[in-house]
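# Coordinate analysis (summary)
The lines below spell out each chain.
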Amino acid sequence: MRVLALQSGTSADGIDAALVTVEPSPDGLELEIERWGTEPWLPDERDLVRRAVHGDRLDPAAWCALETMVGQAFARAAVRFADGADTVDVVCAHGQTVFHGVEAGVVWGTLQVGEPAWIARATGLPVVFNLRVADVAAGGMGAPLITAFDERWLAASAESAGAPVASLNLGGIANVQVVHPDGRAAGFDTGPANALLDAWISRATDGAEAFDRDGAHARAGRVDGELLGSLRAHPYFALPAPKTTGRETFTIRTVDDALDGRDLPLADICATLLELTATTVADALADAAPARVVVSGGGARNPVLMARLTEHLGLPVEPSDAWGIPADAREAVMFALLAYLSATRVPLVLPGTPAGHAAVAGQWDLSAAPLPTVPAASPQPHRLRVRTREERS
């Protein structure tokens, strides 16, 4: 099945797209990435998305505009990335997460926006969307979705190493997944990755800079121990795993409150926020003692953050590019697998999903085309191999 997968993460910096083929094999599933890239938000789109993600008050007209506009933007991205490709079977549109409701460690709801009818109309294809809600309704957390991918992708490596293999995704929020040699997988959100750093830089530069490119600000600053201590005292870090969070928990006010009126140079604040990410990730992985750590997401392109992670973890951290999946495309690639699992009715088991309550993820918009005939899921859908185009030919 050839899937065009689309998503915009917690950083809300563009629509990531990946054209991916997923097929059953005697040993599990095989996945091939045919192309990938990012469709930028138009300025008005980005402004409204950022307002929603940052928790601004929106009236009903603005919410309707957001739902419509994100759907149309995803449709535009789908048409562009499908152009010239061989037959595409389905589109997977995760949309834009604007809220993930957590109270006392329990997820009570989650909201992704982006009306799929626009995508179906523009592409003439079936569209799967709303991939988190079924797990939440079953009593799970609806996150991290990447655990369902990594337990399949990293199983063989963990078994071969005879030790856990961990993955780390550094988007707006950081999440870790640990796959054990016996196939057990655990995953949870560790806290902010780039969310606080991006928000602070954007405010400090009046929007001229959206993020700390190459870690330049953090490299020029020094870690402020008092600020770091205040940030690390946030109650989320003390919660037991599995757990999940989002931008609604870690906002720019989190930094303002931790500063408590102190005035620090921009570079020092950036260095401290980067150190917060590195230390909380290291804390989260301390008990797992992984043999290897595979990193993806925008933070994988920040050399200062990667260096601090290497130091705190005491072992090399490797961008997922070295494992066959571009670090910037891994979440979009993950959604292609989830579309396949949805189409073949394989229930999704995530951290926190109650035993016996796993649900098939996703809802389908079949207004433009029916779901195509899909090969049955492998008898062993819990192994995944990423193959290259050269292997296919």
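What comes next concerns the included structure. Note that this is a predicted model, so its numbers are computed, not measured. (Residues numbered from 1 in each chain as written. Predicted model: local features only at pLDDT ≥ 70, side-chain atom pairs only at ≥ 80, totals over all residues. Heavy atoms only, no water.)

## Brief notes about helix H7 (residues 195–204)
- Summarising burial for H7: seven of the ten residues are buried, a large majority.
- Within H7, burial applies to Ala-195, Leu-196, Leu-197, Asp-198, Ala-199, Trp-200 and Ile-201.
- A positive phi of about 55° marks Asp-206, the residue just after H7. (Buried < 20%, exposed > 50% of the residue type's maximum accessible area, 1.4 Å probe, protein only. Helix = DSSP H or I, 4+ residues; strand = E, 2+ residues; numbered from the N terminus.)

## Topic: the pattern of salt bridges
- By the definition in use, this model includes 23 salt bridges.
- Close ionic contact of Arg-383 with Glu-159 constitutes a salt bridge, the shortest N to O distance being 3.0 Å. Separated by 224 residues along the polypeptide, Arg-383 in the loop between strand S12 (363–365) and strand S13 (384–387) and Glu-159 in helix H6 (residues 155–161) bring together distant segments of the chain.
- Residue Glu-159 is classed as partly exposed on the basis of its relative accessible area, which comes to 47%.
- The structure contains a network of salt bridges with shared partners spanning Glu-23, Glu-30, Glu-32, Arg-385 and Arg-387. (Salt bridge = Lys/Arg side-chain N within 4 Å of Asp/Glu carboxyl O.)

## Some remarks on the layout of surface pockets
- Taken as a whole, the second largest pocket spans an internal volume of roughly 380 Å³.
- Around the second largest pocket, the lining is made up of 19 residues, and of these Arg-50, His-54, Ala-199, Ser-202 and Arg-247 lie nearest the centre.
- Among the secondary structure elements, those contributing two or more residues to the lining of the second largest pocket are helix H1 (43–53) and H7.
- Ranked by the residues each element gives to the lining of the second largest pocket, the list is headed by H7, at six residues.
- Partitioning the lining of the second largest pocket into residue classes produces seven nonpolar, four polar and eight charged. (1 Å grid on protein atoms, 1.4 Å probe; cavity = no way out; pocket = protein on both sides within 12 Å on 5 of 7 lines; lining within 4 Å. Points joined across faces, edges and corners; volume = space filled by probe spheres on them. Nonpolar A, V, L, I, M, F, W, Y, C, P; charged D, E, K, R; others polar.)

## Description of the packing of aromatic side chains
- Applying the stated rule across the entire model yields seven aromatic pairs.
- A ring pair is formed by Trp-153 and Trp-323, whose centres lie 5.9 Å apart and whose planes are at 70°; its orientation type is edge-to-face. Here Trp-153, found in helix H5 (residues 146–153), pairs with Trp-323, found in the loop between strand S11 (317–319) and helix H13 (330–343); they are 170 residues apart in sequence, far enough to count as distant. Here Trp-153 and Trp-323 have matching classes, each one buried.
- Ring centres of Tyr-236 and Phe-237 lie 6.3 Å apart, and the angle between their planes is 70°; this geometry places the pair in the edge-to-face category. Of the two residues, Tyr-236 and Phe-237, neither departs from the other in class, the shared state being buried.
- Grouped by ring-pair contacts, the aromatic residues Phe-149, Trp-153 and Trp-323 constitute a single cluster. (Phe/Tyr/Trp six-rings, centres within 6.5 Å; stacked < 30°, edge-to-face > 60°.)

## Some points on a nonpolar patch on the surface
- Where nonpolar side chains cluster on the molecular surface, the patch consists of Trp-63, Phe-99, Trp-108 and Leu-111 and spans about 410 Å² of accessible area.
- Mapped onto the fold, Trp-63 is located in helix H2 (residues 60–82).
- Owing to a relative accessible area of 33%, Trp-63 belongs among the partly exposed residues under this scheme. (Patch = residues over 30% accessible without salt bridge, like charges linked within 9 Å, V, L, I, M, F, W, Y side chains within 5 Å. Areas by Shrake-Rupley, 256 points an atom, 1.4 Å probe, with all protein chains shown as cover.)

## Digging into the packing of helix H11 (residues 266–285) against helix H12 (residues 303–313)
- The geometry of H11 relative to H12 is characterised by a closest axis approach of 9 Å and an angle of 35° between their N-to-C directions. Viewed along their axes, H11 and H12 form a crossing whose handedness is right-handed. Contacts between H11 and H12 involve Leu-274, Glu-275, Thr-277, Ala-278, Thr-279, Val-281, Ala-282 and Leu-285 on the former and, on the latter, Val-304, Leu-305, Arg-308, Leu-309, His-312 and Leu-313.
- Per-class residue counts for the contact of H11 with H12 are nine nonpolar, three polar and two charged. (Axes fitted to C-alpha atoms, helices over the stretch in contact; angles between N-to-C directions. Left-handed = near helix turned anticlockwise from the far one by under 90°. Contact = heavy atoms within 4.5 Å.)

## Remarks on the packing of H5 against H13
- Here H5 crosses H13 at 85°, and the two axes come no closer than 9 Å. Taken as axis vectors, H5 and H13 run roughly perpendicular relative to one another. Touching Ile-146, Ala-148, Phe-149, Asp-150, Arg-152 and Trp-153 of H5 are Arg-330, Val-333, Met-334, Leu-337, Leu-338 and Leu-341, all from H13.
- Along the lines of polarity and charge, the residues of the contact of H5 with H13 split into nine nonpolar, no polar and three charged. (Parallel < 35°, antiparallel > 145°, perpendicular 65-115°, else oblique.)

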